[in-house]
Every structure is written in structure tokens, then in C-alpha cells.
Amino acid sequence: MDQQILHDDKKLQKAFFNFLIPVMLANVLQSLGQVFGMFIVGRNLGVDALAAISAFFPFFFFLMAFAIGIGSGSSILVGQTYGAGNHEKMKEVVGVTLAFTTILSIVVAIFGGFFIEWILRFMQTPANILDMSISYAQILFFTLPIMFWYLVYTTFMRGVGDSKTPFLFLVISVILNIAFLPPLVFGWLGLPKFGLNGAAYASVLSNLVTMILLFTYLHKTKHILRLDKSILQHFKLKKDILASLLKLAIPASISMVAISVAEIAVIGFVNVYGSDATAAYGVVNQVASYAQVPAMSIAIATSVFVAQALGANSTDMIKKIRQFGVLVNYILGGAIILIMYLFAEPILSFFIDKQNTVLIAKDYLYIAFWSYLIFGHTQTVSATMRATGVVLWPTIFLVIAIWVVEVPLAFILSHYTSFELNGVWIAYPTAFCVHFVLQYAYFKLGWQKRTLKAMLSD
């Protein structure tokens, strides 16, 4: 990290925004690509096809949680070593992470591909969409190593403060996905008509082509993270690096697994109310990805800047980074959520042409979306602590909020009260608020009293 940034508030805020904007645009663009896919599927293949994707997604997210955890942990180690100016150690982190990611992705792909039918049946997936969900899921699972590699490599680049390159290649990926989608779904240009499976093939092909182009670009521009001998020589499992990585990745993965397993449980509660409810759940979760863009993007930026500041032994800047992140969350997040409340029905009707499904989705949006501001504040505080290597308590508080509050409350309210399906939606903001109280209490009473130091040394 530039030492001038560490001693100049205005330069720090400018650098934070310069990093944040591409991350936010990347999240928005990624969601737009998914929205286009859901639009094609929902409008042309029907609500059942849309529900088939929605039914499968929580379990897919469960397995993707491992890659997200590894990416989160590696970005902190990359940020700390890069902030310290130790580029050799940084490349060692990258090589070890890639080796571990390769092994893990193959295991996850095999597990997900072969057991998805049993899992979907266990989740009470409606019978009319079961076969579509299984076929769609297997394509994505058996090609998961491609997605894992692409995901972790973009987190490496963000760890060194480069958010522009991942954004530019995400633009390419989305364009390719949009270009591949109609021919593969509808059988254009002499291709077979794959239907819903065409959406899965389009996603896989766009990721593969983009990853090849990304590696080519990094090599041509002599990027510090180009995949060359200096990184590949570390393509092995090294005890010290792997221990630090797992210390960060396992709690992060547990957090993501807790969320995804909870979603699997929750969609089971939703599925009881039929495929209209399932489709509404999937669409609102897609729209919610926009409401969460500021929160998730600011958490990423906070984590990177705090990790680099810690690596550079500038702990005084950590407080300023966190405070600025919280402020930006309420300004940007509040603006986006307000727009969604004002235009809820037109937004939802864009995806759904069945009025009953729109009404279910609108209830979900109205009840839950305001709490994404609380969620964002919590994420920024959590990102600050995680970037300094404090991961256990933030993980425990998340698990408590989800499994002691959200899931039991969703079950009780939806099964034993007059709220019925709306009881599921009420559980979300309740859990967000409990999580915030627990996290912030520990931040004030525990984390602020710690002596902070980087995790890896020479």
C-alpha cells in the first residue's frame, strides 16, 4: 500500500472509492447477467424452469461456500503480504491456494454431481421441477473446478488492490454469457436445443473462455500476479501457508455453509407453499443481490484495505477505514433500497408474468429489504476483524443468528402462526438485527483490546 495513502485521509478515501466502484460495478454486472438468464428462462421456458433453478441454488451455494471461504482467506493473506512489500511470500500464498483449490474443487464437483438428486428430494423439491433441477445442477457441478479457479484468482487481484482487472474481465464474461445463452437454450445457429440446460452450458463456457483470456492478459501486461514460474513453483501444499489459509478459510466457509444450509432449510419451508412461492423466493433473492451490492462490496474493500494497512504496520488507519466503510454503506445502500421499495412491482413484474407470484415476491421484498442496511453495517465490522485474523467469534455470532434465530423463527412463524409464508420473510430482518448486536458488542468489548499483527512473516 502507498505510504502516502496511509497518512492522508483524503487520499485514503479516494483510493477506497477507486477500489470500491469497480467492485460494486462487478457485483451489479454479475447480477445483470444472472437477471438476463432468469428473464430468458422465466419468460420463455416458464415459471417451472425458473423454480427449477431456484430449488437447486441453495445447495449449489452450499458447495460454493468452500471456494468463497478460500478466496476470502487468501485475499487477506495476499493483502497483508503485499502491504508489507513481501512479494515472494505473496506469490507463495497464491501457489499454495491454487493447489488446495484444485483438490477441493474436484472433490466438491464429484460429490455434488453424484448426490444432487438425493439432496433435491430431501429438500422437498416439487415433483414437477425435479428432473429439470437435477440435469441443470449436474452440468454446473461437474465443471466446478473452472469456476473455483476463476473465483479465487480474481480475489488474489483484489488482494493487491486491483479491482479494475477483475471488473473488465467480468464484463467480457457477462457479454459471452449473454451471447451464448439464446443459441444454446433455443438451438440457434444449428446447435441442439438444450432448453434450461443451455443456461448452464452458457455459464460454463463463458467462465472458461474468460479465464483463458484473463491469464493471457496478465502474462502480456506482466501483472504482478501473472501465472508464471514464480507462482507455479509454489503449486504445492505447504504447511505454514496452508495453516494460515485454513485458519481464515475454514471459519469463512463455515459462515457460508451456515448460510447456505439455512437457505436449504428455508426453501424447504417455502416449497410447502408450491412452485409459485419457490419461484418468488428465487426472483426476490436475485433482486436482493442488488440490495446487497453496497454491503458486500464495501466489506471486500474494507477487508483489503485493512489487511494492507496491517501488513504495513499502520494500525491507526484501520479505524478510519472501518468508519468510512460504514458511512458509505448507509448512503449507497439506503439509496438503492429506497428505489426498490418505490418500484417493487415493476421490478418484480419484469421477471414474473404471473400475478400471484408477483404478490408473494412483493411481500418478501417489503418485509425484508430495509434490514440490508443493518446487514451492511455488520459486514463492514466483520470484515475489519477478519482482515486482522480474528475469525472465530464473528463466525460464532453468524451461526447463532442463523441457526438460533432465523431458521427456527422461519419454521415456527410459517407453520404455527397466521403469518404463514410471510413468517419466513420476517425471520430475515430479525436475524440481521440479532447478528448486528452480537457482532458489535464483541467488536467493542473484545477486538478493540487486542494487539494486532500480520499473520505471515518472512
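The structure reproduced in this document is the subject of the present report.

**Topic: the pattern of salt bridges**
And step 1. For the structure shown, the criterion picks out seven salt bridges.
And step 2. Glu92 is the partner of Lys89 in a salt bridge, and the nearest nitrogen-oxygen pair spans 3.5 Å. Taken together, the residues Lys89 and Glu92, both in helix α4 (residues 87-122) and three residues apart, mark about one turn of the helix.
And step 3. With a relative accessible area of 10%, Lys89 lands in the buried category.

**Comments concerning the packing of aromatic side chains**
And step 1. Counted according to the given criterion, the structure contains 30 aromatic pairs.
And step 2. Both rings, one in Tyr372 and one in Phe375, keep their centres 6.1 Å apart while their planes meet at 85°; by these two values the pair is edge-to-face. Separated by three residues within a single helix, Tyr372 and Phe375 lie in helix α16 (residues 372-387), roughly one turn from each other.
And step 3. The exposure class of Tyr372 is buried, given its relative accessible area of 6%.
And step 4. On the basis of relative accessible area, Phe375 is assigned to the buried category, the value being 14%.

**Points about the packing of helix α17 (residues 392-416) against helix α18 (residues 422-445)**
And step 1. It is the contact of α17 with α18, at a shortest axis distance of 8 Å, that shows an interaxial angle of 155°. With respect to each other, α17 and α18 are oriented roughly antiparallel. The handedness of the crossing between α17 and α18 comes out as right-handed. Contacts between α17 and α18 involve Trp393, Pro394, Phe397, Leu398, Ile400, Ala401, Val405, Glu406, Leu409, Ala410, Leu413 and Ser414 from the former and Gly423, Val424, Ile426, Ala427, Tyr428, Thr430, Ala431, Val434, His435, Leu438, Gln439 and Tyr442 from the latter.
And step 2. Each residue belonging to the contact of α17 with α18 can be placed in one class, and the counts come to 18 nonpolar, five polar and one charged.

Rules and cut-offs
Residues numbered from 1 in each chain as written. Predicted model: local features only at pLDDT ≥ 70, side-chain atom pairs only at ≥ 80, totals over all residues. Heavy atoms only, no water. Salt bridge = Lys/Arg side-chain N within 4 Å of Asp/Glu carboxyl O. Helix = DSSP H or I, 4+ residues; strand = E, 2+ residues; numbered from the N terminus. Buried < 20%, exposed > 50% of the residue type's maximum accessible area, 1.4 Å probe, protein only. Phe/Tyr/Trp six-rings, centres within 6.5 Å; stacked < 30°, edge-to-face > 60°. Axes fitted to C-alpha atoms, helices over the stretch in contact; angles between N-to-C directions. Parallel < 35°, antiparallel > 145°, perpendicular 65-115°, else oblique. Left-handed = near helix turned anticlockwise from the far one by under 90°. Contact = heavy atoms within 4.5 Å. Nonpolar A, V, L, I, M, F, W, Y, C, P; charged D, E, K, R; others polar.

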